[in-house]
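Working through the structure, step by step
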Amino acid sequence: GSGTGNLQLPSTCPRGLRGHVMGSGSGKALRSLTDAMAPPASVVAAEGKRVRTMGLQARPELNGLEGVCQGPAADPARLTVRLDDGQEIALKLGNLEFEAAPGRGDRARISGLQARPELNDLEGICQGPAADLTRLTVRLEDGREIAVRPSNLTSWAPARGSPARPRSPPRGPVERPRCAGGCGRVVPFGVNPKGFPYETCCRGCADGQAHSANCQGGGEASPSKSAASPTAGIAPSAGAPAPPRPAAPPPAWKPLEDDEPAVVAAVALLRAVAAGGGGAAGGGGGGGNCSGSVPGRRDMNLVARILEDRLSPWQERLRNFDLQAAPLVAPDRAGGPDCPWLAHLRPYHAWLGGALFAELCAAQAVAWQGFWRQKGARILDRGLKAGDALQSFALQVVGEVWGSIDRAHSQEYCDRGATKIVHSGTLSEYTPPSCGPIKSSYWTGLGVSEERATADIERVVRVGLVNSSAVFDAEHLPLYHGLAANAFDGWAKSGANFQAYPGKFGEGVYLTPSFQMACMYAFRTPKTVASLADNNLAAPRFASTPDGRWNYLICLQVMADAKAVTKFAGTAFTDAGDGWDLEAQISVVRSAAEAQIYGVLFCFFPQTFKD
């Protein structure tokens, strides 16, 4: 792409984020703004932010009060907070929530509506983006759903690295999903070996035949189901109830710590989480930082997101047991008296009963392991249903610059490790997008510090594009193009189309099958790119999110005609660790029309530096 221009963040940005992102098309655009509502990662970064107290045990009467952070207290591990009633208290970072833009599942409060002022101060649960992507759908406590601009919503988030605030204990009836075969029976809780929940009440329904003799779905068979079953002697007749199961007396209730099968299931779930991707998949491509010891906060957040996505047909509180707020416990220390892991799960055990609790613990463990066993790219949240802050930001940026988004083919990628795989559409090798550190000795050789020479990517969000010219067959190759995120608005003039440009191997479009190498070109300015511009070696090509919490790289996903690709060696990044021979890392397409963009990858890493 080429061109210059200014990108103005739309009016739907959360309060405190609005402003112009000025640029000249040469690496100056999309500069980071300071977000007055960003949950900080340190005590120093919290000054001036609006907060709410939580988790205080010595003075519980202070929980839930709001105020403004005044900065570090005399104790450097605490913050001075001036509450709205005027009193000042010193609190730890973990006892504060920070005003933030809401994501899916967050409780949000409505304010500032002028057309419908009667809705102000009402609270509800954010359901994610509305049909109009500039708004969020909020389900109010009375059941109504309304679409509201993010600037009219207030939510609360813990400081980065702190556990999420546990939700209120689950209560109410347990809802079982209904059979996808249309018979009306309920589906047993359980997952297949790949970690996906069952969709039918029994094998017979799955095969379109009569109900299996061991079907435990209960309920009634629909007329259409019975009419489609020729074995009337086995299947119940139209409208007839299923044979009743003998009622068993409910077992005597006992607390979780005294329920041995439930404790075994709870500890097994923790062991599965702590084993991470490496333990589940037999080594390689690990899940976050899990190493079989104490899972980190980043790991628990990932577990919760994967289970929420994979077990989406189930009732919300059954998909994962609020694991993003669970304490960090070593598996070999779990299960004893006063165990914080069991204490966290105790409300779910009391709600579900021992047998169903153990069943769901086992299902969550298998779902987590099945995710890491899957072949190919490890994809999460197809359609970006979660609609959290980073997903919404990526959708917004691409929508502002190009407008044409394929939401159905937008998704996230989890860690795949340094593994070449075969693309399912083209049957050719490529490296799938993956989380993990992106670093090269090339940068340190230019004098960049070890910290600034590494982008530790935590999330990869793909925004799909509508492009009928992108062909996925054996005659095309999946490739990447790393570009300057801080000049992405310059692509508005050319649209989602390449323009050939001069380079080391002549004019063309420079691509690579190596995801890591594309990220390296997107991270900082290498010599081959600097020589075409202002010779500013190692200058940042990454950009920052408006809240100042994240940096991000941008890589384009490209389908190129295999006959139009010429391969070269000569990249500066000879230490790309994803398995490509040096001679295969550079792919040049002379005609820009032979390289079609079908996706934009936003690779987010925490902002510990800006330069």
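Above this text is the structure in question.
This write-up is about the structure you can find in this document. (Residues numbered from 1 in each chain as written. Predicted model: local features only at pLDDT ≥ 70, side-chain atom pairs only at ≥ 80, totals over all residues. Heavy atoms only, no water.)

1. Some details on the pattern of salt bridges
Taken as a whole and assessed by the stated rule, the structure comprises 16 salt bridges. Arg-305 is the salt-bridge partner of Glu-412, the closest N and O atoms lying 2.5 Å from each other. Of this pair, Glu-412 sits in strand E14 (residues 406-413) while Arg-305 sits in helix H4 (residues 297-310), placing them 107 residues apart in sequence. On the basis of relative accessibility, which here comes to 22%, the residue Arg-305 falls in the partly exposed class. The partner of Glu-412 in a salt bridge is Arg-459, with the nearest N and O atoms 2.4 Å apart. Linking Glu-412 in strand E14 with Arg-459 in strand E19 (residues 459-464), this pair joins segments that are 47 residues apart in sequence. For the pair Glu-412 and Arg-459, one class covers both residues: buried. Overlapping salt bridges, with partners in common, bring together Arg-50, Glu-66, Asp-84 and Arg-109 in one network. (Salt bridge = Lys/Arg side-chain N within 4 Å of Asp/Glu carboxyl O. Helix = DSSP H or I, 4+ residues; strand = E, 2+ residues; numbered from the N terminus. Buried < 20%, exposed > 50% of the residue type's maximum accessible area, 1.4 Å probe, protein only.)

2. Considerations on the pairing of strand E3 (residues 50-53)
Along any regular strand the residues' side chains alternate between the sheet's two faces. Here E3 pairs with strand E4 (residues 66-72) via 3 bridges, running antiparallel. Considered in E4, the bridge of Arg-52 is made with Glu-66. The pairing of E3 with strand E7 (residues 96-100) spans 3 bridges and is antiparallel. Paired with Val-51 across the two strands is Phe-98, which belongs to E7. (Pairing = 2+ DSSP bridges.)

3. A word on unusual backbone geometry
Phi at Asp-121 is positive, roughly 75 degrees, even though this residue is not glycine. Positionally, Asp-121 belongs in the loop between strand E8 (107-110) and strand E9 (123-129). The phi dihedral of Asp-322 is positive, around 55 degrees, even though this residue is not glycine. Summarising the element assignment, Asp-322 is placed in the loop between helix H5 (316-319) and helix H6 (340-352). The class for Asp-322 is buried, based on a relative accessible area of 2%.

4. Topic: the environment of Phe-196
As for its position among the elements, Phe-196 is in the loop between strand E12 (153-158) and helix H1 (203-206). Residue class for Phe-196 comes out partly exposed when judged on its relative accessible area of 40%. The spacing of Phe-196 and Val-366 is 170 residues in sequence and 8.7 Å in space, taken between C-alpha atoms. Apart from residues lying up to four places away in sequence, Phe-196 is in contact with Gly-190, Val-191 and Arg-310. (Contact = heavy atoms within 4.5 Å.)

5. Describing the pairing of E19
With 6 of 6 residues buried, E19 lies mostly within the body of the structure. Every second residue of E19 is oriented toward a common face, with Arg-459, Val-461 and Val-463 on one face and Val-460, Arg-462 and Gly-464 on the other, all of them buried. Where E14 lies against E19, 4 bridges are found, and the strand directions are antiparallel. When the sheet's bridge partners are listed, Tyr-413 is paired in E19 with Val-460.

6. Re the packing of aromatic side chains
One pass over the full model with this rule turns up 26 aromatic pairs. Aromatic pair Tyr-480 and Phe-515: ring centres 5.5 Å apart, planes at 65 degrees, arrangement edge-to-face. Of this pair, Tyr-480 sits in strand E20 (residues 476-483) while Phe-515 sits in helix H10 (residues 515-523), and the two are 35 residues apart along the sequence. For the pair shown, Tyr-480 and Phe-515 are each scored as buried. (Phe/Tyr/Trp six-rings, centres within 6.5 Å; stacked < 30°, edge-to-face > 60°.)

7. Notes on the nonpolar core
Formed by 46 residues in total, the largest nonpolar core has its most connected members in Phe-321, Leu-323, Trp-341 and Phe-357. Every element with two or more residues in this core is listed here: helix H3 (260-281), H4, H6 and helix H7 (354-373). Residues contacting Leu-323, with those up to four places away along its chain left out, are Arg-297, Met-300, Val-303, Ala-304, Leu-307, Trp-341, His-344 and Gln-364. The next biggest cluster of nonpolar side chains, apart from the first, holds 37 residues, and it includes Leu-384, Phe-393, Val-463 and Leu-556. (Core = buried A, V, L, I, M, F, W, Y, C linked by side-chain atoms within 4.5 Å.)

8. Let's talk about H4
Each α-helix turn comprises 3.6 residues. Residues three or four places apart therefore point the same way. In a regular helix each residue adds 1.5 Å, so 14 residues correspond to 20 Å; H4 covers 20 Å between its end C-alpha atoms and thus fits that length. Judged by how many residues are buried, H4 sits mostly within the fold: 10 of 14 residues are covered. Along H4, the residues classified as buried are Arg-297, Asp-299, Met-300, Leu-302, Val-303, Ala-304, Ile-306, Leu-307, Glu-308 and Arg-310. (Expected span 1.5 Å × (residues − 1).)

9. Quick look at the sheet that holds strand E21 (residues 509-511)
Two modes of strand pairing occur in sheets, parallel and antiparallel, and in both the strands are linked by backbone hydrogen bonds. Taken in spatial order, the 3 strands make up an open sheet running E21-E25-E24, and their pairing is antiparallel. Strand pairing shows two members of the sheet lacking a second neighbour, E21 and strand E24 (565-568), which therefore form its edges. Geometrically, the sheet is characterised by an average inter-axis angle of 30 degrees between neighbouring strands, direction not taken into account. Bridging between E21 and strand E25 (residues 586-589) involves 3 bridges; their strand directions are antiparallel. What sits directly across from Leu-511, in E25, is Ser-587. (Axes fitted to C-alpha atoms, helices over the stretch in contact; angles between N-to-C directions.)

10. Comments concerning the packing of H6 against H7
Interhelical geometry of H6 versus H7 gives an angle of 125 degrees and a closest axis separation of 6 Å. By the angle class used here, H6 and H7 are oblique. Where H6 crosses over H7, the handedness of that crossing is right-handed. In this structure, H6 uses Leu-345, Tyr-348, His-349 and Leu-352 to contact H7, whose residues at the interface are Gly-354, Leu-356, Phe-357 and Leu-360. Across the contact of H6 with H7, the residue classes tally to 6 nonpolar, 2 polar and no charged. (Parallel < 35°, antiparallel > 145°, perpendicular 65-115°, else oblique. Left-handed = near helix turned anticlockwise from the far one by under 90°. Nonpolar A, V, L, I, M, F, W, Y, C, P; charged D, E, K, R; others polar.)

11. A few points about the state of the cysteines
Under the criterion given, the structure shown has 0 disulfides. With no disulfide of its own, Cys-555 lies 3.9 Å from the sulfur of Cys-519, the closest cysteine sulfur. (Disulfide = S-S within 2.5 Å.)

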